[in-house]
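# What the coordinates show
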Amino acid sequence: MRAPRHANLTRPRGVLAYRLMSTLRISTDLDMHYEVDDFTDPWRASGTVLMLHGNAESGLAWYAWVPRLARQFRVVRPDMRGFGQSTPMPRDYPWTLDGLIDDFCGLMDHLGIVRFHLVGAKIGGTIARAFAARRPERVTTLTVVGTPPPLRAGAVERVPELIRDFETHGVEYWARQNMGQRLGSAFPAEGFEWWCKFMGRTAVSTQIGFMGTIACADIRADLAKIACPTLVITTEESGLASVDETRTWQQQIADSELLVVRGNSYHVAATHADSAAEATSDFIARRGRNG
């Protein structure tokens, strides 16, 4: 049973800053951990930003974004089903994009937030694009940062090998093998190690089911249905796709902009956190309405 909806997510009276860490029973198989940060001026109304993290991560992945965004917006950072402090999923869990979107809508309903700005990184950007297309009444603006093409060529074919690696070596081994592409050549070695261990905390059962479904999702039909203002951020030499390849799908979103930053990482939300957060905040201020 879903928890009762709150009338509104508001600060306690007289409190100048608001930080909430909690868990919500979304369904019988999911207790979702989430955090809310609100350091906006208490005398003015502020919009809400819902942030969707990438594969084998949690809401903690947005740590560098919170100081920038939480002064302007209420920031909601859930741990996606199966990840972080949310309930791990069994390997045979029937993952779907619509199911994940329902989870996030359930959280926002519980918090009393009808419309919000949506930000997604890596595979969180795939989920976010589908979210904006399928629930347009909920999403005021969309920002996707270092996100894959709408269909990843060869992803399905690689799944059996990935599953064998997860079963044999665990998630950290997998994360370590491709962390160089993820973080690029300029990221500090200490950061490389931190991200390997951070992602390595993910339950193997979650990762096996997720990689064979959500990581292979085809959202090509969703792009033309995205009606809200959209910002796409990538690097000059992303390992996910070239700038031209990214521009090809970005231009299928009618009201969208492409921002290309210097570098060769594809986890842009991690490697360019300060500049990407600033660009996102500026984009929302410039294009966001009623959110």
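Refer to the structure printed above.
So, a few notes on the structure that sits alongside this text. (Residues numbered from 1 in each chain as written. Predicted model: local features only at pLDDT ≥ 70, side-chain atom pairs only at ≥ 80, totals over all residues. Heavy atoms only, no water.)

## A look at the pattern of salt bridges
Let me state the cut-off plainly: A pair is scored as a salt bridge if a Lys or Arg side-chain nitrogen falls within 4 Å of a carboxyl oxygen belonging to Asp or Glu. Helix and strand assignments come from DSSP, with helices taken as H or I runs of at least 4 residues and strands as E runs of at least 2, each series counted from the N terminus. Relative accessible area decides the class of each residue, using a 1.4 Å probe on protein chains only: under 20% of the type maximum gives buried, over 50% gives exposed, and in between gives partly exposed.
Tallying each qualifying case throughout the model produces 24 salt bridges. The partner of D103 in a salt bridge is R81, and the shortest N-O contact between them spans 2.8 Å. With D103 in helix α2 (residues 97-110) and R81 in the loop between β4 (74-78) and α2, this pair connects stretches of sequence that are 22 residues apart. Owing to a relative accessible area of 4%, D103 belongs among the buried residues under this scheme. By relative accessible area, R81 is classed as buried at 4%. Taking the shortest distance from any N to any O, the salt bridge between R134 and D222 comes out at 2.9 Å. Taken together, the residues span a long stretch of sequence, with R134 in helix α3 (residues 123-134) and D222 in the loop between α7 (204-211) and β7 (230-235) at a distance of 88 residues. Note on R134: relative accessible area 32%, which makes it partly exposed. Linked by salt bridges that have partners in common, R19, E35, D37 and R77 make up one network.

## Considering the sheet that holds β7
Keep this limit in mind: By definition, two strands form a pair when at least two bridges between them are found by DSSP. For helices, the fitted line uses only the C-alpha atoms of the stretch in contact; every axis is such a line through C-alpha atoms, and the angle between N-to-C directions lies from 0 to 180 degrees. The contact definition used throughout considers only heavy atoms, calling two residues in contact when any of these lie within 4.5 Å.
Pairing within the open sheet is mixed, and its eight strands lie in the order β1-β2-β4-β3-β5-β6-β7-β8. Two strands in the sheet have a free side with no partner beyond their single neighbour: β1 (18-27) and β8 (256-261). Put simply, the sheet's adjacent strands are angled 20° from each other on average, direction ignored. Sheet topology places strand β2 (residues 30-38) next to β4; four bridges connect them, and they run antiparallel. For V36, the partnering residue across the bridge sits in β4 and is V76. Docked against the sheet, α3 engages β3 (48-52), β5 (116-121) and β6 (139-145), running at close to 145° with respect to β5. Each of β3, β5, β6, β7 and β8 touches helix α10 (residues 273-287); the most contacted strand, β6, lies at about 155° to it.

## Description of α2
The line we're drawing: A helix is expected to span 1.5 Å for every residue after the first.
With 14 residues, α2 should cover 20 Å at 1.5 Å per step; its first-to-last C-alpha distance of 20 Å lies within 8% of that length. Of the positions making up α2, those classed as buried are L97, G99, L100, I101, D103, F104, C105, G106, L107, M108 and H110.

## Notes on the side chain of Q250
Within the element layout of this structure, Q250 appears in helix α8 (residues 243-250). Setting aside its immediate chain neighbours within four residues, Q250 contacts V232, S256, E257 and L258.

## Thoughts on empty space enclosed by the protein
Stated precisely, the cut-off is as follows: Definitions used for this entry: grid spacing 1 Å over protein atoms alone; cavity, a set of points where a 1.4 Å probe fits but cannot get out; pocket, an open set with protein on both sides within 12 Å along at least 5 of 7 lines; lining residue, one with an atom within 4 Å of a point. Grid points are joined across faces, edges and corners, and a volume is the space filled by probe spheres set on the points. Gly counts as polar in this scheme, as do all residues outside two lists: the nonpolar Ala, Val, Leu, Ile, Met, Phe, Trp, Tyr, Cys and Pro, and the charged Asp, Glu, Lys and Arg.
In the structure shown here, the tally under the stated rule is one cavity of 30 Å³ or more. Going through the elements one at a time, β7 and α8 are the ones with two or more residues in the lining of the largest cavity. The residue inventory of the lining of the largest cavity, partitioned by class, reads six nonpolar, five polar and no charged.

## Some details on the environment of A128
In this structure, A128 sits in helix α3. Classification of A128 as buried rests on a relative accessible area of 0%. A sequence separation of 65 residues divides A128 from Y63, and the C-alpha atoms of the two residues are 19 Å apart. In contact with A128, not counting residues within four places along its chain, are L52, L118, G120, L142 and V144.

## Brief notes about the state of the cysteines
Counted only if it meets this: In this description, a disulfide is simply a cysteine sulfur pair whose atoms lie within 2.5 Å.
Summed over the entire model, instances satisfying the criterion amount to zero disulfides. C105 carries a free sulfur, and the closest cysteine sulfur to it, the one in C228, is 13 Å from it. For C105, a relative accessible area of 4% corresponds to the buried category.

## Some thoughts on the layout of surface pockets
The calculated volume of the largest pocket comes to roughly 600 Å³. In terms of lining, the largest pocket is formed by 24 residues, of which the most central are R152, R158, N178, M211 and Y266. Among the elements of the structure, α4 (155-169) and α5 (171-183) are those that each provide at least two residues to the lining of the largest pocket. Per element, the largest residue contribution to the lining of the largest pocket is six residues, and it comes from α4. Of the residues assigned to the lining of the largest pocket, the class counts are 14 nonpolar, four polar and six charged. Surrounding the second largest pocket, 19 residues form its lining, S58, D79, F83, G84 and Q85 being those nearest its centre.

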